[in-house]
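Breakdown of the fold
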Amino acid sequence: MIRIALRTLRFHKGGFIASFIGLFFGAVIVIGAGGLLETGIHNAAPPHRLSSAPVVVTGDQRYEYTQQELVFPERLHMDGALTRKIAGLPGVGAAVPDLSFPAALAKGGKVTGHGWSSARLSPYKLTGGSAPAADGQAVLGEALARQAGVRTGDHVQLLVHGTRESYQVSGLATGPDDGTDVFLRDAEAAAVSGRAGTVDNIGVFPAAGARSADIASAVRDLVGDSPITVLTGDDRGRAEDPDVVADGSDLIPLAAAFGGLSAMVTIFVVASTLGLSIQQRQRELALLRTIGTTPGQLRRLVVGETLFLAIVATGLAVVPGPRFGHWLLDAFADAGVVPGSIAFRAGSVPVIVGVGTALLTAIGAAFIAAQAAARTRPTEALAEATLRRRWFSAFRLVVGLLCLVGGVALAWGTAGAAGPDAAGVATPAAMVWAAAFGLLGPVVVRAMVAALRRPAAKVSGLAGELAAHNARARTGRLASAVMPVMLASGLAIGLIYMQTTQSDGAQRAFDEDVRADVVVTSDSGGLPLDVVDKVRAQPGVAAATAQISTTGYIEPDEPMRPSEGEDTGPQPTELSLRGVTEQGLDRTTAYHAARGSLTALKGDSVALPAADAKDRALGDLVPMRLGDGTRVELKLVATVEGRRGYETALVPASLLIGHTDGGLVPQIMVRAAAGTDKDRLISSLSALAADQPGLRVSGREVLEAAQAEADDTQAWMAYLVLGVVVGYATLALINTQVLATTERRKEFMLQRLIGATRRQVLHMMTVEASLVALAGIVLGLLVAGATLVPLSLSVLGTALPGGSPWILAVVVAGAVALTLATTLLASAAVLRGRPGDMAGIKE
């Protein structure tokens, strides 16, 4: 039977080409998504600036002993004295401190400052001049010097930590990242950054004859249980970019969601295409049954053909699959979704999973499709092939109903989830609903055909009547053609409106929160806290408050014990944390106290979201962790209301500012006094730049632009995933419609022989394609509606999703146009032959 299977391939080129395309592209997408997932698991970030040090010591950003891994967003700094202790260990040749801080050139943009000692870790090489030997001297990277138009001996103005200092360029250097680096003398770097006595990293060099592994082990013994980690190999890149630890793990759920969505779409598309291809061979299979072929032989024939095709298609997909995954990683990094320092690391597992998924899908679909013909008795074989009485099965009904139950459960979970988290539940819900309506599709299609039969005949005459009869007689084939339309339209509508709804929710939360007219920022990255009082004292200012945003954690009531382990320990409550000055807070923001008073936000105090303070009384001490992992106990002085999912806890800015990377206030929110012109207020506040270098005053459009940029990043990621998945479903739509049409050559020629014109046949096919498009769009709307209504209730509080109605119109018009165009073009190509050619058409 295998030999026969291989010989029959050439007689069914159309069906096998369509199946090959679906298998190949499906395997490419799944292999690429699997490579992304493995990359996220490895989370490898090869070092650049610290590449010369074989061992790097840095703060441990992980929140230990929790059920789910949490990562502190602010860098954990280490005591500078640890450098001397490490240098004294046996076998250590040198321990080099590394300190980095944000700064800006008055003419040249943002830069990163370092102490000159850390240049050895790259190493940087002087290409001109000398190292900074005294205060007031600096070494610039060559690319930065060219950009700023300076040479050795020139002076530059450096804005750092709220001050402006003049430095003479003592030398130029080249290194891995010399584009934005400025080096000062070590002591001066610590002083101007406000970080004296602390370091970010320590590079450790073994002495001659010592092994790096032994040195790393000795350092681990030295630091003990301190929140410090010792890194070697690719892990050293985490010390350069803590975002690798904080954001790199985000690649795992992102790749899992994308891969799962892609795999499910691949299963639907491949099963639909193969099923349609095999359905069109029912007469051939029935003939084999009449000449004595056993059911087992028939199944082996179909499975053998499919297996050969799948092996070729997936074998070819092994080459572009990893490259596609690498391209996806670069695209996510360019959009800022994941750190750009993460390296693509994918081995054989994604290839095996991708190939295995495609092979199992193909074999399973072929086996299921062959079952109907295999179960048919030889005496009924030809009648079964002609009449197609078995258009639905009990198994399909049961699985479809189970998927409906699963969709309802996920819809309930979506509606109950917090706004920003609802999309994580809604995405798998979309696929479960698609599976449910796809499995139950023949029932819906049959009902629609019955309802539209008379209207189609009245509108389109005999062509409409004939199209309705065709659809009714071949419900299974029609349902297979409808599936890609449902997938393409349903996923496009669902995923696009999912993103627009999330965007509308975030925008509403932003609009409700911000009441400031003017925002004060700094080119150097932030402002000292005392600038808030200076701003408040300016004429025309009704209120001014600092805002410092980070993430905090409420510790559980039971203590965090190392013995409990990461998987069994309690889970802290993660929440958005904002440092503010209490005076005028109610006028620059929408925060108001549900209990207590926000004016009491002084010292070690906190105002928690009402949802997180249900079991706490005012005056209770709340154990918390700040963004850099520091444990504090804060007095609960108030509770605040907020849009569900966008709640924020408030703490005094004076408490939080020392636990952020910059140690400064990123922005000061200003409300203009009644009758004060905003432009005049901006001009008045800009005068503070004389005493506060780098100060910048702008309207609230700056905040709106930042909000839009953050939203654009998420939208870009969503649309990239949408483009790949829906693009594949659209390709399957075109593929399936062409296959379903070109295999009807004999039918068309028979119609031509009995007197039908090409125009009449095309008219009939237009009505059939319209029925396919209508059924697919109706099912797609059911999928999208079942997904979006719970999401909208969670995010917006209404059943109507956010976004323009033109999105729906464009998707529906596109689905109709693609279905009609592919069907009619394929029909026109088939009708080019002469009716007399029918005798040469193979069964």
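Cut-offs applied
Residues numbered from 1 in each chain as written. Predicted model: local features only at pLDDT ≥ 70, side-chain atom pairs only at ≥ 80, totals over all residues. Heavy atoms only, no water. Helix = DSSP H or I, 4+ residues; strand = E, 2+ residues; numbered from the N terminus. Buried < 20%, exposed > 50% of the residue type's maximum accessible area, 1.4 Å probe, protein only. Contact = heavy atoms within 4.5 Å. Areas by Shrake-Rupley, 256 points an atom, 1.4 Å probe, with all protein chains shown as cover. Core = buried A, V, L, I, M, F, W, Y, C linked by side-chain atoms within 4.5 Å. Phe/Tyr/Trp six-rings, centres within 6.5 Å; stacked < 30°, edge-to-face > 60°. Lys NZ or Arg CZ within 6 Å of the ring centre and 35° of its normal. Salt bridge = Lys/Arg side-chain N within 4 Å of Asp/Glu carboxyl O. Axes fitted to C-alpha atoms, helices over the stretch in contact; angles between N-to-C directions. Parallel < 35°, antiparallel > 145°, perpendicular 65-115°, else oblique. Left-handed = near helix turned anticlockwise from the far one by under 90°. Expected span 1.5 Å × (residues − 1). Arc of directions from axis to C-beta. Patch = residues over 30% accessible without salt bridge, like charges linked within 9 Å, V, L, I, M, F, W, Y side chains within 5 Å. Pairing = 2+ DSSP bridges. Polar contact = N/O pair within 3.5 Å; in protein donor to acceptor, adjacent residues only side chain to side chain. Nonpolar A, V, L, I, M, F, W, Y, C, P; charged D, E, K, R; others polar. pLDDT = per-residue confidence, 0-100.

Another point: the overall build of the protein. If you tally the helices and strands in the protein, you get 27 helices and 25 strands. The 843 residues of the protein split such that 51% are buried. Here the analysis covers contacts within the protein between residues at least 6 apart in sequence; of these, 82% occur between residues at least 24 apart. With the model as given, the accessible surface of the protein reaches about 35700 Å², and the carbon-plus-sulfur share is 58%.

Right, let's get into the nonpolar core. Ranked by internal contacts, the top residues of the largest apolar core, which has 90 residues, are Leu 23, Phe 258, Phe 332, Met 486 and Leu 487. Residue contributions to this core peak at 15 residues, all from helix H19 (residues 475-513). The contact partners of Phe 258, leaving out residues within four places of it in the chain, are Ile 29, Ala 33, Leu 328, Val 721, Val 724 and Val 725.

Under the definition given, this model contains eight aromatic pairs. Between Tyr 63 and Phe 72, the aromatic rings sit 5.0 Å apart at their centres with planes inclined by 25°, giving stacked as the arrangement. For Tyr 63, a relative accessible area of 4% corresponds to the buried category. One residue, Arg 120, lies across the ring of Phe 205, its end atom 4.6 Å from the ring centre.

For the structure on display, the rule yields 13 salt bridges. Residue Asp 523 is joined to Arg 696 by a salt bridge in which the shortest nitrogen-to-oxygen separation is 3.0 Å. Within this pair, whereas Asp 523 is found in the loop between strand S16 (518-522) and helix H20 (531-536), its partner Arg 696 is found in strand S25 (residues 695-699), the two being separated by 173 residues in sequence. Note that Glu 555 and Arg 631 form a salt bridge whose closest N and O atoms lie 2.7 Å from each other. Taken together, the positions of Glu 555 in the loop between strand S17 (541-554) and strand S18 (573-580) and Arg 631 in strand S22 (residues 631-640) put the pair 76 residues apart, joining distant regions of the chain. Salt bridges linked by common partners bring Glu 555, Arg 625, Arg 631 and Glu 633 together as one network.

Time to look at the packing of helix H15 (residues 394-416) against helix H26 (residues 758-795). One can describe the packing of H15 onto H26 by two numbers: an axis separation of 7 Å at closest approach and a directional angle of 25°. If you check the angle between H15 and H26, you find them roughly parallel. Here the hand of the crossing between H15 and H26 comes out right-handed. Packed against H15, whose contacting residues are Ala 411, Thr 414 and Ala 415, the element H26 presents Ala 786, Pro 790, Leu 791 and Ser 794 at the interface.

Taking 1.5 Å of rise per residue, the 12 residues of helix H6 (residues 212-223) would be expected to cover 16 Å, and the 17 Å separating its terminal C-alpha atoms lies within 8% of that figure. Those residues of H6 lying buried are Ile 215, Ala 216, Val 219 and Val 223. Viewed end-on, H6 has its buried residues packed into an arc of 100°, placing them on one side of the element. Here the buried face of H6 lies against strand S1 (55-59), helix H3 (81-87), strand S5 (92-98), strand S14 (201-206) and strand S15 (228-231). Where H6 terminates, the next one or two residues include Gly 224, which has phi positive at roughly 60°.

Together, Phe 308, Val 312 and Leu 316 make up an exposed nonpolar region whose accessible area comes to about 250 Å². By relative accessible area, Leu 316 is classed as partly exposed at 47%.

Our next topic: the pairing of S17. Counting buried positions along S17 gives 12 out of 14 residues, so the element sits mostly inside the fold. The pairing of S17 with strand S24 (residues 667-672) spans six bridges and is antiparallel. Paired with Val 541 across the bridge in S24 is Ala 672. Relative to strand S21 (residues 621-625), S17 runs antiparallel, the two being bridged by two bridges.

Its place among the elements puts His 77 in the loop between strand S3 (70-71) and strand S4 (78-79). Note: C-alpha distance between His 77 and Asp 661 (584 residues apart in sequence) is 9.0 Å. A polar contact of 2.9 Å, which involves the side chain of His 77, links it to the side chain of Arg 195.

Attention now goes to the packing of helix H16 (residues 422-439) against H26. H26 packs onto H16 with a crossing angle of 155° between their chain directions and a minimal axis gap of 9 Å. Of the possible angle classes, the one that applies to H16 and H26 is roughly antiparallel. Relative to H26, H16 is oriented so that their crossing is right-handed. The residues of H26 that touch H16, namely those facing Ala 422, Ala 423, Ala 426, Ala 429, Ala 430, Trp 433, Ala 434 and Phe 437, are Leu 779, Leu 782, Val 783, Ala 786, Thr 787, Leu 791, Ser 794 and Val 795. Grouping the constituent residues of the contact of H16 with H26 by class yields 14 nonpolar, two polar and no charged.

In space, the four strands of this open sheet follow the order S5-S14-S1-S15, with antiparallel pairing throughout. Edge strands, defined here as strands with exactly one partner in the open sheet, are S5 and S15. With direction set aside, neighbouring strand axes in the sheet form an average angle of 20°. In this structure, S1 lies alongside S14, joined through four bridges in antiparallel fashion. If you follow Thr 58 over to S14, its bridge partner there is Asn 201. Sheet strands in contact with H6 are S1, S5, S14 and S15, and its direction is about 175° off that of S15.

The next point concerns the side chain of Thr 581. In this fold, Thr 581 is placed in the loop between S18 and helix H21 (585-588). Look at Thr 581 and you get buried, because its relative accessible area is 15%. Side-chain polar atoms of Thr 581 contact the backbone nitrogen of Ala 546, separated by 2.9 Å. Apart from the residues lying within four places of it in its own chain, the contact partners of Thr 581 are Leu 529, Val 532, Arg 536, Ala 544, Thr 545, Ala 546 and Ala 653.

Moving on, we get to the side chain of Ser 193. Inspection of the secondary structure assignment puts Ser 193 in the loop between helix H5 (186-192) and strand S13 (198-199). Residue classification places Ser 193 among the buried positions, given a relative accessible area of 6%. Side-chain polar atoms of Ser 193 contact the backbone nitrogen of Arg 195, separated by 3.4 Å. The contact partners of Ser 193, leaving out residues within four places of it in the chain, are Leu 99, Phe 101 and His 161.

Here we take up the environment of Ala 775. Its place among the elements puts Ala 775 in helix H26. Overall, Ala 775 belongs to the buried group, its relative accessible area being 2%. Along the chain, Ala 775 and Leu 478 lie 297 residues apart, while their C-alpha atoms are 9.4 Å from each other. Those residues in contact with Ala 775 that sit more than four places away from it in its chain are Val 445, Met 448 and Val 482.

Once that is clear, we can look at the confidence of the model for the protein. Within the protein, residue pLDDT values average 81, and 86% of them lie at 70 or more. For the stretch residues 839-843, pLDDT sits under 50, and the model shows six contacts to residues farther than four places along the chain or on other chains.

Bridging between strand S8 (residues 125-129) and strand S11 (residues 163-174) involves four bridges; their strand directions are antiparallel. Paired with Gly 128 across the bridge in S11 is Leu 172. Of the pairings in the sheet, the one linking strand S9 (residues 137-141) to S11 comprises five bridges and is parallel in character. What sits directly across from Ala 138, in S11, is Val 169.

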